[in-house]
Each structure stands twice: as C-alpha cells, then as structure tokens.
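Structural overview
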Amino acid sequence: MSAPLVFLPGWCLGSNPLNSTVNREKGQIFELPGYGNAPLISDFYAAADDIAARLQPGTTLAGWSLGAQLALAVAARHPDKVGKLVLVAGTASFVQRDGWPHAMPPATLAEFAAGVAADVEAMLPRFVGGFNRGDARAKAVTLELLKLADPRPSGEVLATGLDWLRDVDLRQLAPQVKAPTLLIHGAADPLMPLAAAEALAALIPGARLAVFDDCAHAPFISRPDDVATTVQQFLND
C-alpha cells in the first residue's frame, strides 16, 4: 500500500484551489487552522504540531505557499510522520531578514495586512492577480483561483496567517528535515522569488528543485499536467 498523501493549502484561498490536484494524486487536504471546520490555532509551531498529530507515520506531506512553510515545520519537528515532503512555492522566510534578501520587505507586508483588515474583498483580486504576474497564463489562472476561492475566513484567521508570514523564519529548522524533499517553483513567482526556493533547497539535505518556466505562484493551476508528472516521478522514486 502506498503512503497516504496530505496537502496543506495556502493563505486566504482555502482548499478548493487544490482539489483537482489532490483528486488526481488520490490524496486528501488538511484545512489550515481557522478554515472550514478546523479550529484556529494562533501559534505557528503549535499548528504544525497539531497537523503532525493527525498524520499517519510515513505520510507524504505537500504544502503550497504558507502551507509549504507549515509542511516544512512538520517534517523537521516530526520526522517519523513525514516519509516524503513536497513544497510548492515554498520559502524559509516570507519577509526579508538579515542574510535573507529573497523576500518581501516587511513594510510591504505591513501595508498589505492593513489593506486586508480594512477591506479583504477589495484586496483579494489584487493579491491573486499580483502573485500571478509573469505567468504565461496569468489572467486565466487568476480568474480560476478567484472562482475557486472558498468563502472567506474571518478577519482574525487572515490576520493570524499574516502574522505567521511576518514572524516565521525556518532557516534553522530546514537542515533538520530527514525526508526526501521536492521543491516545485515557478521561475516567475513574484511572491516567493526563485532565489528563495534555491536557497531553501540548499538548506534541506538532498532536496531537489523543479523549476517551471513562465510560471508564477500557482504552478498546479498554471501547469497541472507538468506538476502532476513531476510529483508522480518523485513519489515513485
């Protein structure tokens, strides 16, 4: 029997954008804290530990964006639970820090968080359109993601995720990952620059990086067949 496959979604959009990918891979989705029926957990590492507690040993764990950061923390803190790790549009730190330039300036995230608090419905199309800039299918991918976006979580849930993106730095944890790891990244990702994926891949022992040209932050929507093939090859190795 093959190992179970669990996906963790990204910030704000909920699980629906991942449904076709997960169905194709015969996996399941764990909602992020505060989304769907999942209770809100305000501490990032407590949220990672809660996810780990619900995984079978040896699970293949995949995450997108903020979900990739959680997946990385789970794999590092609970190596028995993660047999293989797939990070889609992942990074060790979403904001710039000393020695980590490949990221958003903290002031830009603070401005975005203020905009979300004021009017999330106005910010959402700008956010999704922005992270698809540079994708060969930018307009179609943006429309599809906005159509698939779950009913919006509460302001508290969105603010918690933005706090995590501001505060979490996984550079110390990444080298502790024992699971074989695949990073999938769009070469044109404006939200998590390719340099961030390259730097993260260098921190995780033996990690592989698959780069998709003309692709931005949602490669599983922009290039679903190529992503599925890449993941299957990794899982079959």
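Refer to the structure printed above.
Residues numbered from 1 in each chain as written. Predicted model: local features only at pLDDT ≥ 70, side-chain atom pairs only at ≥ 80, totals over all residues. Heavy atoms only, no water.

Before going further, it helps to examine the overall build of the protein. Along the backbone of the protein there are 10 helices and 6 strands. What you see for the protein is a C-alpha radius of gyration of 16 Å, in line with the 18 Å of a compact globule of 237 residues. Overall size of the protein, expressed as C-alpha extent along the three principal axes, is 45 × 40 × 35 Å. By residue count, 53% of the 237 residues in the protein fall in the buried class. The contacts of the protein with a sequence gap of at least 6 include a subset with a gap of at least 24, amounting to 71%. Approximately 10,000 Å² of the protein is accessible, and the part contributed by carbon and sulfur atoms is 53%. Between the averaged position of the 18 positive side-chain charges in the protein and that of its 24 negative side-chain charges there is a distance of 3 Å. (Helix = DSSP H or I, 4+ residues; strand = E, 2+ residues; numbered from the N terminus. Rg over C-alpha atoms; globule rule 2.2 N^0.38 Å. Buried < 20%, exposed > 50% of the residue type's maximum accessible area, 1.4 Å probe, protein only. Contact = heavy atoms within 4.5 Å. Areas by Shrake-Rupley, 256 points an atom, 1.4 Å probe, with all protein chains shown as cover. Lys, Arg positive; Asp, Glu negative; His and termini not counted. Charge placed at Lys NZ, Arg CZ, Asp CG, Glu CD.)

Right, let's talk about the side chain of H217 for a bit. For H217, the location among the structural elements is in the loop between β6 (208-212) and α9 (219-222). Polar contacts involving the side chain of H217 include one to the side chain of S65, which spans 2.9 Å. Side-chain polar atoms of H217 contact the side chain of D189, separated by 2.7 Å. (Polar contact = N/O pair within 3.5 Å; in protein donor to acceptor, adjacent residues only side chain to side chain.)

With that out of the way, let us pick up the environment of P105. In this fold, P105 is placed in the loop between β4 (82-88) and α4 (106-118). Residue class for P105 comes out partly exposed when judged on its relative accessible area of 35%. Taking the C-alpha atoms as reference points, P105 and L235, 130 residues apart in sequence, are found 35 Å from one another.

A separate point is the pairing of strand β5 (residues 181-186). Burial analysis of β5 places 6 of its 6 residues in the buried class, which makes it a mostly covered element. Of the two faces of β5, both are covered, the one formed by T181, L183 and H185 as well as the one formed by L182, I184 and G186. As paired elements, β4 and β5 share 4 bridges and run parallel to each other. Residue pairing for β5: V88 is matched across the bridge by I184. Where β5 and β6 come together, 5 bridges link them in parallel fashion. The partner of G186 across the bridge, within β6, is F212. (Pairing = 2+ DSSP bridges.)

Let us look at the pattern of salt bridges. Across all of its chains, the model carries 9 salt bridges by this definition. With its nearest N and O atoms 2.9 Å apart, the salt bridge here joins R77 to D49. With a gap of 28 residues between them, R77 in helix α3 (residues 66-77) and D49 in helix α2 (residues 44-53) connect regions that are remote in the sequence. Judged by relative accessible area, R77 falls into the partly exposed class, the value being 37%. Overall, the relative accessible area of 25% leaves D49 in the partly exposed class. Where salt bridges share partners, they join R97, D169 and R171 into one cluster. (Salt bridge = Lys/Arg side-chain N within 4 Å of Asp/Glu carboxyl O.)

Before going further, it helps to spend a moment on the packing of helix α5 (residues 120-131) against helix α6 (residues 138-148). Following both chains from N to C, one finds α5 and α6 inclined at 140°, their axes separated by 9 Å at the closest point. In terms of orientation, α5 lies oblique with respect to α6. By crossing handedness, the relation of α5 to α6 is classed as right-handed. On α6, the residues touching L124, P125, V128, G129 and F131 of α5 are T142, L145 and L146. (Axes fitted to C-alpha atoms, helices over the stretch in contact; angles between N-to-C directions. Parallel < 35°, antiparallel > 145°, perpendicular 65-115°, else oblique. Left-handed = near helix turned anticlockwise from the far one by under 90°.)

Bringing the layout of surface pockets into the picture now. Counted as a void, the largest pocket has a volume near 530 Å³. In terms of lining, the largest pocket is formed by 27 residues, of which the most central are M104, T108, F112, F127 and L191. Broken down by secondary-structure element, the contributors of at least two residues to the lining of the largest pocket are α4, α5 and α7 (155-167). For the lining of the largest pocket, the residue count by class is 18 nonpolar, 6 polar and 3 charged. Approximately 220 Å³ is the volume attributed to the second largest pocket. For the second largest pocket, the full set of lining residues is S2, A3, P4, L5, E25, K26, G58, T60, G83, K84, Q232 and L235. Only β4 and α10 (224-236) provide two or more residues apiece to the lining of the second largest pocket. For the lining of the second largest pocket, the class distribution of residues is 4 nonpolar, 5 polar and 3 charged. (1 Å grid on protein atoms, 1.4 Å probe; cavity = no way out; pocket = protein on both sides within 12 Å on 5 of 7 lines; lining within 4 Å. Points joined across faces, edges and corners; volume = space filled by probe spheres on them. Nonpolar A, V, L, I, M, F, W, Y, C, P; charged D, E, K, R; others polar.)

Without other data, these values stay purely geometric and don't point to any function.
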